Amino acid sequence: AEGLLSLGSLSHVPLWFFYRGDIIHDPKDLRGRRIAVGQEGSASNLLAVQILKLAGAAGAPTQLVPLPRKAAIAAFRAEKVEALAIAASPESRAIQKLAARPGVHLLNFQRSRAYARRLPHVSSLVLAQGIFDLARDVPANDVQLLAQTTNLVTRAGLHPALAYLLLRGAREIHGRAGML
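Described in the following lines is the structure provided in the data block.

### Description of the overall build of the protein
- Secondary structure summary: the protein contains five helices and seven strands in total.
- Ordered by position in the sequence, the α and β elements of the protein form the string β-β-α-β-α-β-α-β-α-β-β-α.
- Taking 2.2 N^0.38 as the reference for a compact globule, 180 residues should give roughly 16 Å; the C-alpha atoms of the protein span a radius of gyration of 17 Å, in line with that estimate.
- Overall, the C-alpha framework of the protein stretches about 55 × 40 × 30 Å when taken along its three principal axes.
- Classification of the 180 residues of the protein by burial places 39% in the buried group.
- If you take every contact in the protein between residues at least 6 apart in sequence, the share linking residues at least 24 apart comes to 74%.
- With an accessible surface of roughly 10200 Å², the protein has 52% of that area assigned to carbon and sulfur atoms.
- Within the protein, one finds 22 positive and 12 negative side-chain charges whose respective centroids are separated by 4 Å.

### A short note on the packing of aromatic side chains
- In the structure shown here, the tally under the stated rule is four aromatic pairs.
- An aromatic cluster of at least three residues, connected via ring pairs, comprises Trp16, Phe18 and Phe132.
- The ring centre of Phe76 lies 4.0 Å from the NZ or CZ of Arg20, which sits over that ring.

### Overview of the nonpolar core
- Counting residues in each nonpolar core, the largest one holds 24 residues, and the members touching the most others are Leu15, Phe17, Leu30, Ile51, Leu52 and Phe109.
- Elements supplying a minimum of two residues to this core: strand S1 (4–19), helix H1 (43–55) and strand S4 (83–87).
- No other element matches H1, which puts five residues into this core.
- Those residues in contact with Leu15 that lie beyond four places of it in its chain are Ser44, Leu47, Ala48, Ile51, Ala85, Ile86, Ala87, Phe109 and Leu146.
- Judged by nonpolar contacts, the second largest core, of 22 residues, contains Phe18, Val81, Ile86 and Leu145.

### A word on the packing of helix H2 (residues 69–77) against helix H3 (residues 93–100)
- Axis separation between H2 and H3 bottoms out at 12 Å; the angle between their running directions is 15 degrees. The orientation of H2 with respect to H3, classified from their angle, is roughly parallel. Here the hand of the crossing between H2 and H3 comes out left-handed. Of the residues in H3, those in contact with Ile73, Phe76 and Arg77 of H2 are Ala94, Lys97 and Leu98.
- Across the contact of H2 with H3, the residue classes break down as four nonpolar, no polar and two charged.

Calculation criteria
- Residues numbered from 1 in each chain as written.
- Predicted model: local features only at pLDDT ≥ 70, side-chain atom pairs only at ≥ 80, totals over all residues.
- Heavy atoms only, no water.
- Helix = DSSP H or I, 4+ residues; strand = E, 2+ residues; numbered from the N terminus.
- Rg over C-alpha atoms; globule rule 2.2 N^0.38 Å.
- Buried < 20%, exposed > 50% of the residue type's maximum accessible area, 1.4 Å probe, protein only.
- Contact = heavy atoms within 4.5 Å.
- Areas by Shrake-Rupley, 256 points an atom, 1.4 Å probe, with all protein chains shown as cover.
- Lys, Arg positive; Asp, Glu negative; His and termini not counted.
- Charge placed at Lys NZ, Arg CZ, Asp CG, Glu CD.
- Phe/Tyr/Trp six-rings, centres within 6.5 Å; stacked < 30°, edge-to-face > 60°.
- Lys NZ or Arg CZ within 6 Å of the ring centre and 35° of its normal.
- Core = buried A, V, L, I, M, F, W, Y, C linked by side-chain atoms within 4.5 Å.
- Axes fitted to C-alpha atoms, helices over the stretch in contact; angles between N-to-C directions.
- Parallel < 35°, antiparallel > 145°, perpendicular 65-115°, else oblique.
- Left-handed = near helix turned anticlockwise from the far one by under 90°.
- Nonpolar A, V, L, I, M, F, W, Y, C, P; charged D, E, K, R; others polar.

This is the structure in structure tokens:
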């Protein structure tokens, strides 16, 4: 955007699709379901709708339900929606709890590289088997995900010394290896 400068990417933030029912490997198979897609304008909503449109699953009879994160998770747990799309770090307790919940499946994007090529702001990543809980083997298999990056952005006129300090602080806070 005009007047803004990216100092760099901080981390990947996957879009997680949780669902109930038979095992599926593509968002096209969510067609006809009631899906919580995040609050309008949120990262979850924007990316979920893009992916579902590409897959041909965004139109009727699919119902896209725009809900804020906590309300979307509550609706999914209460079975008011059949699927949930949520952008969050893999370190999020909510994501880890959903992944371990009996009867809940995490969508493994078998065609993640194809989606990543169609959406240049998205990367294809692999969530390692057992990363959430090695003893209980959660997730039970490697899972292919789609993720965006979180970027550190400033105004273009920021003094270089301040930019350096921001980068130094970002490295201290975000420099450790994560689950992805």
